[in-house]
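# Geometric and topological summary
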Amino acid sequence: MNVTFRQLEVFEAVARLLSYTLASKELHLSQPAVSMQIKQLEGSTGLPLFEQLGRKIYLTEAGREMYHYCRSISQQLEEAEEVLEQLKGLKTGRLEVTVATTANAFATKMLAMFSQQHEGVTVSLDVTNRERLLRQLAENVKDLAIMGRPPEGADLVTEAFADNPLVVVAAPDHPLALNRLKEQSIPLYRLQDQTFVVREQGSGTRTAMQRFFSDHDITVTSSMEMNENEAIKQSVQAGMGLGVVSIHTIELELETKRLVILNVDHFPIMRHWYLVHRTDKRLSPVAQAFRQFVLSKANEFVKVDYML
Ligand code: PGA
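The sections below set out a description of the structure shown in this document. Quick caveat: nothing in here was measured; it's all calculated off a predicted structure.

## Some thoughts on empty space enclosed by the protein
Summed over all chains, the structure comprises one cavity of 30 Å³ or more. The computed volume of the largest cavity comes to approximately 100 Å³. Along its surface, the largest cavity is lined by 14 residues, and Ala100, Thr102, Gly204, Thr205 and Trp273 are the ones closest to its centre. Residue classes in the lining of the largest cavity are distributed as three nonpolar, eight polar and three charged. A domain split of the lining of the largest cavity shows at least three residues from each of domain 2 (74-162 + 272-300) and domain 3 (164-271).

## Some thoughts on the site of the ligand
Taken together, the neighbourhood of the ligand is formed by Ala100, Thr101, Thr102, Arg130, Gly148, Asn164, Arg199, Ser203, Gly204, Thr205, Arg271 and Trp273. The backbone of Thr101 places a nitrogen or oxygen atom 3.5 Å from an oxygen atom of the ligand. Contact distances for the ligand include 3.4 Å between an oxygen atom and a backbone N or O atom of Gly148. When isolated, the ligand has an accessible area of 280 Å², and the protein chains bury 100% of it.

## Some thoughts on the pattern of salt bridges
One pass over the full model with this rule turns up 16 salt bridges. For the salt bridge of Arg6 with Glu9, the shortest nitrogen-to-oxygen distance reads 2.4 Å. With Arg6 and Glu9 both in helix α1 (residues 5-17), this residue pair falls three residues apart, about one helical turn. When the shortest N-O distance is used, the salt bridge between Arg282 and Glu79 registers 3.0 Å. A residue pair is termed long-range when its members are at least 10 positions apart, and Arg282 in the loop between β11 (269-278) and α11 (285-301) and Glu79 in helix α4 (residues 61-88) qualify at 203 residues. Residues participating in the shared-partner salt-bridge network are Arg94, Glu96, Asp126, Arg132 and Lys142.

## Observations regarding the pairing of strand β3 (residues 93-100)
Taken across its eight residues, β3 has six buried, putting it largely inside the fold. Sheet analysis places β3 next to strand β4 (residues 121-128), joined by eight bridges and oriented parallel. Looking at β4, one finds that Val99 is bridged to Val127. Taken together, β3, helix α5 (residues 104-117) and β4 constitute a β-α-β crossover, and its handedness is right-handed. Sheet analysis places β3 next to strand β5 (residues 144-147), joined by three bridges and oriented parallel.

Calculation criteria
Residues numbered from 1 in each chain as written. Predicted model: local features only at pLDDT ≥ 70, side-chain atom pairs only at ≥ 80, totals over all residues. Heavy atoms only, no water. 1 Å grid on protein atoms, 1.4 Å probe; cavity = no way out; pocket = protein on both sides within 12 Å on 5 of 7 lines; lining within 4 Å. Points joined across faces, edges and corners; volume = space filled by probe spheres on them. Nonpolar A, V, L, I, M, F, W, Y, C, P; charged D, E, K, R; others polar. Domains from an automatic or database assignment. Near = heavy atom within 4 Å. Polar contact = N/O pair within 3.5 Å; in protein donor to acceptor, adjacent residues only side chain to side chain. Areas by Shrake-Rupley, 256 points an atom, 1.4 Å probe, with all protein chains shown as cover. Salt bridge = Lys/Arg side-chain N within 4 Å of Asp/Glu carboxyl O. Helix = DSSP H or I, 4+ residues; strand = E, 2+ residues; numbered from the N terminus. Buried < 20%, exposed > 50% of the residue type's maximum accessible area, 1.4 Å probe, protein only. Pairing = 2+ DSSP bridges. Right-handed = clockwise from strand over helix to strand, strands pointing away.

The following block contains the structure:
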């Protein structure tokens, strides 16, 4: 079969758009030029690829087969282009990153610094909870994710790059906060039957907190459920209960003394931040560069020390 890349490119557009007119517009060609390329391709394949019913065109069975192969040829070509880009250097490219809600406390700053160092690169950042993030990885719509440890057996490459301690926070006038000066540490049983403001279903923080309390046979009640750390902090400050949050989200509140960390036995719950991508994902040069950047610069962005 003697076909050219040009013919395949024209065929791909007509098959995708099912219109000679739209394909010619997209490719900046005249309509007769598009028809000619398709005729030549049909000549080489020996089978009609489109059929016309009324004013519409449809793919024939041969056309559908051809379209399938055509897509994978263009994917291979794109991959080749990316590899060649790598040889030319990191001048352009697009980076799709998704981060867990809590990781946004440092991820935006990280991406801003990375963008400054790679001016031609377009960065897209999605902030979402653990559950949706795992779905995005499964659907292969993101290059890299920053999240808590993903589940075992999920065909993902995971690289830990920082600690993520979860602590109990309270308003400064909460009874447990007032007592904390007298006590060395607060025994865990004192949390029994306390009221907590909690994150939404699907949040990694929430799952870790629930697992921790159940492992230690502690029952707590929840007054409110919120899908943002900001809202949790506001509610705890307003006296709605205690909260379990990542240390990375409360830097400002600790500094301004609007929240305090309770020194409860067995806390913090020590989680870690991971850089994650699909095992079968071929990382683009830009994604590779971002991966290196996160692994080498994490300690500049993610504070790992914390004070009680
Ligand atoms: P989040 O945090 O989903 O609670 O925002 C991420 C994690 O700790 O896994």
